[in-house]
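# Architecture and fold: a report
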Amino acid sequence: MAVLVTGGAGYIGSQTCVHLLEAGKEIVVIDNFSNSSPKSSQAVREITGKDFPLIECDIRDEEKLDEVFSQYDIDSVIHFAGLKAVGESCQKPLEYYDNNIGGTVKLLSVMRKHGVKCIVFSSSATVYGEKHTAPFNEEMEAGGTTNPYGTTKLFIEQILKDLAASDPEWSVSLLRYFNPIGAHISGKIGEAPNGIPNNLMPYISQVAVGKREKLSVFGDDYDTPDGTGVRDYIHVADLADGHVVALDRALSVKGCEIFNLGTGKGVSVLELVNAFQKATGVKVPYVITARRPGDIATSYADPSKAERILGWKAKRDIFDACRDTWNWQKNNPNGFDD
Ligand code: NAD
Ligand code: WQD
């Protein structure tokens, strides 16, 4: 039996493939490579010494999906495939709704057709919106998303809840990631954004490697200890561990469950910059600029449910993440194009 990993060539997907293979799972990866390279899967093979099928397939292509499910003995799906740039989603909402929501509906239809009713989904802390105060827990009402990307996550969560309610055979695990950072410890796989990075950590590492002149810190007048935004940065390897245990749980327990995957600790922008400098010895010049529209002051998880039910807890800290990001970045300044 194999787990189908959609979007498995991407940043979080490729790291998760390593952990799945190391846990002895069989995997089948599909990706349309719209934001990734097949080279990441080659690196996963090198890291693990294990082979697996990598198929170019768009999740909106029902016929191709049908072939994949017919060809392989798939019993579960980890669903990473999706577009994820917040700013771009405001410019291209239809593309985001089509790719993320339309694609997920197609995937679920083909799964149902083949009797595969177990799915772990990449959701996001963004579904908590703006109305709650951190730490966010799974009992809080989701909603009030501030951009089409976030709304696709909210809607897909609802679709999956409705599906689980309609048929007791479904197992659905909604994993709400906080802020994934870091890279595989080998430096062979990591985040490789196209163009100017939207997220803090890849921006910091591109400044460190000399690709960008300086970091803009978006506001220092928030109601936080040093005035800069506070987030819950979670090492991608901890996130990958979370998927392995969530999958095992979904394979044995039916129904829909929601888990935060975060550390429970808030870290400010300047704290992350300082941690990066300390962990790597490389200076990261920065300037304070205006707030970025749509940003909230503070976001961090209450991760206690994942610990209680999945026995999962983040083990790595931001220094590990900075060291591993730097190892990946300095060896691959142009990502998988090197
Ligand atoms: P990523 O862009 O590196 O990975 C997504 C992968 O999906 C890419 O390889 C891309 O080529 C593929 N893909 C996109 N649309 C597809 C389609 N229609 N068919 C097949 N493949 C398709 O992003 P990531 O950071 O690894 O994120 C993985 C998932 O986690 C996404 O769903 C994202 O929304 C979610 N997520 C990410 C973060 C984050 O900060 N990175 C936070 C919360 C949730
Ligand atoms: C972190 C902090 C910025 C860049 C986003 C998505 C969210 C999820 C994770 C997918 C904030 C500050 C950033 C920069 C800065 N993705 N910052 N200078 O906004 O918490 O979350 O990624 O699901 O949905 O919204 O992450 O890394 O963009 O920002 O000062 O150049 O860094 O203001 O305080 P964010 P981020």
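The present account deals with the structure reproduced in this document. (Residues numbered from 1 in each chain as written. Chains lettered and ligands numbered in written order. Predicted model: local features only at pLDDT ≥ 70, side-chain atom pairs only at ≥ 80, totals over all residues. Heavy atoms only, no water.)

Let us look at the site of ligand 1. Close to ligand 1 lie 27 residues; D31, N35, S36, F80 and Y149 are nearest. Within the side chain of S36, an N or O atom sits 2.7 Å from an oxygen atom of ligand 1. Between F80 and ligand 1, the recorded distance is 2.8 Å, taken from a backbone N or O atom to an oxygen atom. When ligand 1 sits alone it has 820 Å² of accessible area, and the protein chains cover 96% of it. Every element with two or more residues in the shell around ligand 1 is listed here: α1 (11-22), β5 (118-124) and α6 (148-166). (Near = heavy atom within 4 Å. Polar contact = N/O pair within 3.5 Å; in protein donor to acceptor, adjacent residues only side chain to side chain. Areas by Shrake-Rupley, 256 points an atom, 1.4 Å probe, with all protein chains shown as cover. Helix = DSSP H or I, 4+ residues; strand = E, 2+ residues; numbered from the N terminus.)

Moving on, we come to the environment of H235. Within the fold, H235 resides in strand β10 (residues 233-235). Residues H235 and P180, spaced 55 residues apart in sequence, show a C-alpha to C-alpha distance of 5.8 Å. Not counting residues up to four positions away in its chain, the partners in contact with H235 are I181, G182, A183, R316, D320, A321 and D324. (Contact = heavy atoms within 4.5 Å.)

Under the criterion given, the structure shown has 20 salt bridges. Its salt-bridge partner being K117, residue D167 comes within 2.7 Å of it at the nearest N-O pair. Highlighted residues: D167 in the loop between α6 and β6 (171-177) and K117 in the loop between α5 (93-113) and β5, separated in sequence by 50 residues. Take D167: its relative accessible area is 16%, and that puts it in the buried class. In the salt-bridge network here, residues are joined through shared partners; they are D238, D241, K315 and R316. (Salt bridge = Lys/Arg side-chain N within 4 Å of Asp/Glu carboxyl O. Buried < 20%, exposed > 50% of the residue type's maximum accessible area, 1.4 Å probe, protein only.)

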